[in-house]
Amino acid sequence: MEIYNEHILAGNSTMDRIPKEIDEIEGWFKGFNDRELVVLLEDGKRLIGWGIIKRYSDRIGYAMACETAVYLKGSELRKGYGTLIKEWIITKCRELEYHHLVAKIFSINSASIEYNRRLGYEMVGTQREIGYVDGQWQDVTIMQLILD
């Protein structure tokens, strides 16, 4: 919750604008199916970040597609932790028999776009002015990774 709220307040990686309470975050998990999950990365007793695998859509034809995302504490950026979490997510997606992974990234977040590219994701498009955050239109870059 604290890490996600940090990203909400920063305004550069989620369209959420209202900080979440713990019961709201727990509510996400209650709605998960058996192929959706959250993974945590800890350093001792300190939470560094988390990643999520969630269904792309509840329509049956999208059953082999999922959305992936990673959120890190601001103090832990550019230390390789995002790559570590995303690599684990990609491996887990293979185990869960996903074929198509999607990442939606604020287009201004070039570091996130580049690290997804290094992990094999390819840019497939930009949704122009899809979000309105803090008085500014935001574009979102859509990236995908097709698994064998």
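A brief report on the enclosed structure follows.

Observations concerning the state of the cysteines
Every disulfide links exactly two cysteines, by a covalent bond between their sulfur atoms. What the rule picks out here adds up to zero disulfides. Take C66: it sits in no disulfide, and the sulfur closest to it among the cysteines is that of C93, at 3.7 Å. On the basis of relative accessibility, which here comes to 0%, the residue C66 falls in the buried class. The class for C93 is buried, based on a relative accessible area of 0%.

Topic: the nonpolar core
The biggest cluster of nonpolar side chains holds 24 residues, and the ones touching the most others in it are I53, C93, L101 and Y121. Only β1 (37–43), β2 (46–55), β3 (65–72), α3 (81–95), β4 (100–106), α4 (110–118) and β6 (136–146) provide two or more residues apiece to this core. The dominant element in this core, judged by the number of residues it contributes, is α3, at four residues. For L101, the contacting residues outside a window of four places in its chain are C66, T68, I90, C93, Y121, M143, Q144, L145 and L147. In this structure, I3, W50, A69 and Y71 belong to the second largest nonpolar core, which totals seven residues.

Procedures and definitions
- Residues numbered from 1 in each chain as written.
- Predicted model: local features only at pLDDT ≥ 70, side-chain atom pairs only at ≥ 80, totals over all residues.
- Heavy atoms only, no water.
- Disulfide = S-S within 2.5 Å.
- Buried < 20%, exposed > 50% of the residue type's maximum accessible area, 1.4 Å probe, protein only.
- Core = buried A, V, L, I, M, F, W, Y, C linked by side-chain atoms within 4.5 Å.
- Helix = DSSP H or I, 4+ residues; strand = E, 2+ residues; numbered from the N terminus.
- Contact = heavy atoms within 4.5 Å.

In short, the description is geometric, and any link to function would need to be established separately.
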